[in-house]
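This is what each chain is made of:
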Amino acid sequence: MATPGTTAAPPAAPPPRDRRRPPRGGSGTSLRYGRRDRISLALMLGVPAFLVVGLVWLPAAATVLLSFTRWDGIGGLETIEWIGTQNYTDAFTLYPPFEPALRNNFVWLVFLFAVPTVLGMFFAVLLDRELRGGPVYQSVFYLPVVLSLALTGFIWQLIYSSDQGLLNAFLALVADRPAVDWFGDPDINLYAVLVAAGWKHTGYIMLLYLAGLKAVDPSLREAAAIDGAGPVRTFTSVVFPALLPINVVVVVVTVIDALRAFDLVWIINRGRNGLELISALVTSNVIGEASRVGFGSALAVIMLAFSLVFIAIYVSTVLRGAQR
């Protein structure tokens, strides 16, 4: 307070105002992206997006459009004839291989669920118990998954060969039976190929379930043991429900594998004589002697529609889990 006869000091001037942009995130430094950073970011986002759009979405859209046309793949766009849903009508009514292909794909799906998926889960449960030599067994079971298609076909050709195949030699030694043409007989060749497909599928399912079992909270098993539940009851009532995300992935993977099954049957007899599958029919119509691109595209769209049902189930389950 100023006394009489004195002059009050003027108020202190405020400190100069910092006109710089306030720091972001409280780190004290502003984030500034240079030209090189922007180029790197654009490449990291743009290249994958370009590949996905160019190699997945555009071909899928073109396939859907071509399924409503008649085109032999020769000539320009002016040679394409719009025929509406005629290809789909012909597939269900006038194309004899389509019905056995649907049936074979369904048999393929049921077999993958009933045998390789159950075996893969069983092997995963055994390996999760930390058996001696577990990594060795895991590598042995997973080895068929990483084998090339050519090597897989060669292995099963050695087993199923009607001349010097291992299986025919075993049957002749044990039961004195004549050689069986496992790949040529239309009554049994599908089941012979299913065994080969299940051989590869089992290891993949085992790895998925093994990863899921490692992520299960051990306290759940301990609580079940305290309540007196045995190993089987613990797995069916506690562990298996906790594997819901893995179960959804297994269902989607198995369905897609059953629908896109192609390689082995095409190598054996190009998907004919008992081995008709939708994927083989698509290939034979698009790039085969018939060269019916529009009709083959319609078959591909039918296969895509079945796949999208299970993909939608998987995506909805993942989104619900993320919201929780």
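One structure accompanies this document, and this report is about it. Sequence order sets the numbering: in each chain, residues are counted from 1 along the sequence as written. In keeping with the predicted nature of the model, local features appear solely for residues at pLDDT of at least 70, side-chain atom pairs appear and are counted solely at 80 or more, and the whole-chain, interface and lining totals rest on all residues. Hydrogens and water molecules were not included; the side-chain quantities draw on all heavy atoms of the structure.

1. Some thoughts on the overall build of the protein
When helices and strands are tallied, the protein shows 14 helices and two strands. When a residue's accessible area, from a 1.4 Å probe over protein chains only, is under 20% of the maximum for its type it is buried; when over 50% it is exposed; and in between it is partly exposed. Buried positions account for 32% of the 324 residues belonging to the protein. We call two residues in contact when some of their heavy atoms are within 4.5 Å. Counted over contacts in the protein with a minimum sequence separation of 6, partners at least 24 positions apart contribute 63%. Residue exposure ignores everything except the shown protein chains as possible cover, and the areas themselves are Shrake-Rupley values with a 1.4 Å probe. In the form shown here, the protein has an accessible surface area of approximately 21,200 Å², with 66% of it arising from carbon and sulfur atoms. A run of DSSP states H or I qualifies as a helix once it reaches four residues; a run of E qualifies as a strand once it reaches two. Both are numbered from the N-terminal end.

2. What to know about the layout of surface pockets
Detection works on a 1 Å grid of protein atoms alone, calling trapped sets that fit a 1.4 Å probe cavities and calling open sets with protein on both sides within 12 Å along at least five of seven lines pockets, with lining residues defined by an atom within 4 Å of a point. Grid points are joined across faces, edges and corners, and a volume is the space filled by probe spheres set on the points. Reported here for the largest pocket is a volume of approximately 400 Å³. When contributions to the lining of the largest pocket are tallied by element, the ones reaching two or more residues are helix H3 (98-114), helix H8 (189-214) and helix H12 (263-269). Here the lining of the largest pocket gets four residues from one element, more than from any other, and that element is H8. Each residue receives one of three labels: charged for Asp, Glu, Lys and Arg, nonpolar for Ala, Val, Leu, Ile, Met, Phe, Trp, Tyr, Cys and Pro, and polar for the others, Gly being one of them. For the lining of the largest pocket, the residue count by class is eight nonpolar, one polar and four charged.

3. Points about the environment of Thr283
Note on placement: Thr283 falls in helix H13 (residues 278-286). Expressed as a C-alpha distance, the spacing of Thr283 and Gly271, which sit twelve residues apart in the sequence, is 9.5 Å. When residues no more than four places from it in sequence are discounted, the contact partners of Thr283 are Phe262, Trp266 and Gly288.

4. Digging into the packing of helix H6 (residues 149-160) against helix H7 (residues 166-175)
Running from N to C, H6 and H7 point in directions that differ by 20°, and their axes come no closer than 4 Å. By the criterion of interaxial angle, the relationship of H6 to H7 is roughly parallel. Mapping the contact onto sequence places Leu158, Ile159 and Tyr160 in H6 and Leu166, Leu167 and Asn168 in H7. Along the lines of polarity and charge, the residues of the contact of H6 with H7 split into five nonpolar, one polar and no charged. Fitted lines through C-alpha atoms give the axes, limited to the stretch in contact for helices. The angle between two N-to-C directions lies from 0 to 180 degrees. Should an angle fall under 35 degrees it is taken as roughly parallel, and over 145 as roughly antiparallel, whereas 65 to 115 is taken as roughly perpendicular and any remaining angle as oblique.

5. What about the pattern of salt bridges?
Close approach of charged atoms allows side chains with opposite charge to pair. The term salt bridge refers to a side-chain nitrogen of Lys or Arg lying within 4 Å of a carboxyl oxygen of Asp or Glu. On inspection of all chains with the given rule, the structure shows four salt bridges. Here Lys214 ties to Asp128 by a salt bridge, and the two come within 3.5 Å at their closest N and O atoms. With Lys214 in helix H8 and Asp128 in helix H4 (residues 116-128), this residue pair connects regions lying 86 residues apart in the sequence. Between Asp128 and Arg221 there is a salt bridge, and its shortest N-O distance comes to 3.1 Å. Taken together, the positions of Asp128 in helix H4 and Arg221 in helix H9 (residues 218-226) put the pair 93 residues apart, joining distant regions of the chain. Under the relative-accessibility criterion, Asp128 is labelled buried at 13%. When salt bridges with common partners are traced through the structure, they connect Asp128, Lys214 and Arg221 into a single cluster.

6. What to know about the side chain of Glu276
The residue Glu276 is located in the loop between H12 and H13 in this model. His is not counted, nor are the chain ends; Lys and Arg add positive charge and Asp and Glu add negative charge. Despite being buried, Glu276 has no salt bridge partner; Arg103 is the closest side chain of opposite charge, sitting 6.5 Å away. The definition of a polar contact used here is a pair of N or O atoms within 3.5 Å, where within protein one atom must be able to donate a hydrogen and the other to accept one, and adjacent residues in sequence count solely through side-chain atom pairs. From its side chain, Glu276 meets the backbone nitrogen of Asn273 in a polar contact 3.4 Å long. Filtering out sequence-adjacent residues up to four positions away, Glu276 remains in contact with Pro97, Pro100, Ala101, Asn104 and Gly271.

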